[in-house]
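# Geometric and topological summary
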Amino acid sequence: MASDLIGTVVSWALIISAGLTLLAAYRFIRGPSTPDRVVALDTIATNVVAIAVLFAIQTDESLFVTVGLVLAIIGFISTVTVAKYVIEGDIIQP
């Protein structure tokens, strides 16, 4: 009974996360400004990590948790890099 409930909750969470990712993708494409696009890209990265972890729970595969951690690190580094580019106009200073 508990595993059925967990499976149902995880399935619904996957659907909601996928929907939120599509909404963030819309904001990324139609964002009125660059900071809006950066926030949308960070939201997409966070949702993809959540989807990977939820899929790991659903399939009982621990590999997807590792994939989620790697995606979280890459998402953080890319967000910091894009934010620095937006603020300073250059990523690597001479």
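Residues numbered from 1 in each chain as written. Predicted model: local features only at pLDDT ≥ 70, side-chain atom pairs only at ≥ 80, totals over all residues. Heavy atoms only, no water.

## Let's talk about the overall build of the protein chain
Basically, it comes down to this: Helix and strand assignments come from DSSP, with helices taken as H or I runs of at least 4 residues and strands as E runs of at least 2, each series counted from the N terminus. Restricting the calculation to C-alpha atoms gives the radius of gyration, and the globule rule supplies 2.2 Å times the number of residues raised to the power 0.38. Whether a residue is buried, partly exposed or exposed follows from its accessible area with a 1.4 Å probe, protein chains only, as a fraction of its type maximum: under 20%, in between, or over 50%, in that order. Contact definition: two residues touch when any of their heavy atoms are within 4.5 Å. All accessibility values rest on the Shrake-Rupley procedure with a 1.4 Å probe; residue burial counts only the protein chains present in the view. As used throughout, the charge tally considers Lys and Arg to be positive and Asp and Glu to be negative, leaving His and the chain termini uncounted. One atom stands in for each charge, and that atom is NZ of Lys, CZ of Arg, CG of Asp or CD of Glu.
The helix and strand inventory of the protein chain stands at three helices and zero strands. For the protein chain, the N- to C-terminal ordering of α and β elements is α-α-α. In terms of C-alpha radius of gyration, the protein chain reaches 16 Å, well past the compact-globule figure of 12 Å for 94 residues. Its C-alpha atoms give the protein chain principal-axis dimensions of roughly 60 × 30 × 15 Å. Here the protein chain holds 94 residues, and the buried ones make up 17% of them. The long-range share in the protein chain, meaning contacts at least 24 apart out of those at least 6 apart in sequence, stands at 44%. As presented, the protein chain carries roughly 6800 Å² of accessible surface, and 74% of it is formed by carbon and sulfur atoms. Each charge class in the protein chain can be summarised by its mean position, and for the 4 positive and 7 negative side chains these summaries are 18 Å apart.

## Observations concerning unusual backbone geometry
The backbone phi angle of Asp60 is positive, close to 60°, even though this residue is not glycine. Locating Asp60 in the fold gives a position in the loop between α2 (34-59) and α3 (63-88). Residue Asp60 is classed as exposed on the basis of its relative accessible area of 70%.

## Here we look at the environment of Pro32
Topologically, Pro32 is positioned in the loop between α1 (2-30) and α2. The class for Pro32 is exposed, based on a relative accessible area of 65%. Along the backbone, Pro32 and Ser78 are 46 residues apart, and their C-alpha atoms lie at a distance of 20 Å.

## Here's the deal with the side chain of Asn47
Among the structural elements, Asn47 can be located in helix α2. Taking the relative accessible area as the measure of exposure, Asn47 reaches 12% and is therefore buried. Not counting residues up to four positions away in its chain, the partners in contact with Asn47 are Ser17, Leu20 and Thr21.

## Some words on the UniProt feature "transmembrane region" (unreviewed entry) in the protein chain
To keep it simple, the criterion reads: UniProt positions are given in the numbering used here, feature names are shortened, and annotations may be inferred rather than shown by experiment.
Per the UniProt record, "transmembrane region" (unreviewed entry) is found at residues 6-26, 38-57 and 63-87. Across residues 38-57 one finds 100% helix and 0% strand; the C-alpha atoms that close the span lie 29 Å apart. With 100% helix and 0% strand, the stretch residues 63-87 has end C-alpha atoms that lie 36 Å from each other.

## Considering the packing of α1 against α2
Rule in force here: Fitting a line to C-alpha atoms yields each axis, with helices limited to the stretch in contact; the angle taken between N-to-C directions then spans 0 to 180 degrees. Working definition: roughly parallel below 35 degrees, roughly antiparallel above 145 degrees, roughly perpendicular at 65 to 115 degrees, and oblique for all remaining angles. Crossings are sorted by hand: turned counterclockwise from the far helix by less than a right angle, the near helix makes the crossing left-handed, and turned clockwise it makes it right-handed. Residues are grouped as follows: Ala, Val, Leu, Ile, Met, Phe, Trp, Tyr, Cys and Pro are nonpolar; Asp, Glu, Lys and Arg are charged; every other residue, Gly included, is polar.
Put simply, α1 and α2 touch, their axes get as near as 9 Å, and they point 160° apart. For the element pair α1 / α2, the angle class is roughly antiparallel. As α1 runs across α2, the sense of the crossing is left-handed. For the contact of α1 with α2, the per-class residue count stands at 17 nonpolar, six polar and four charged.

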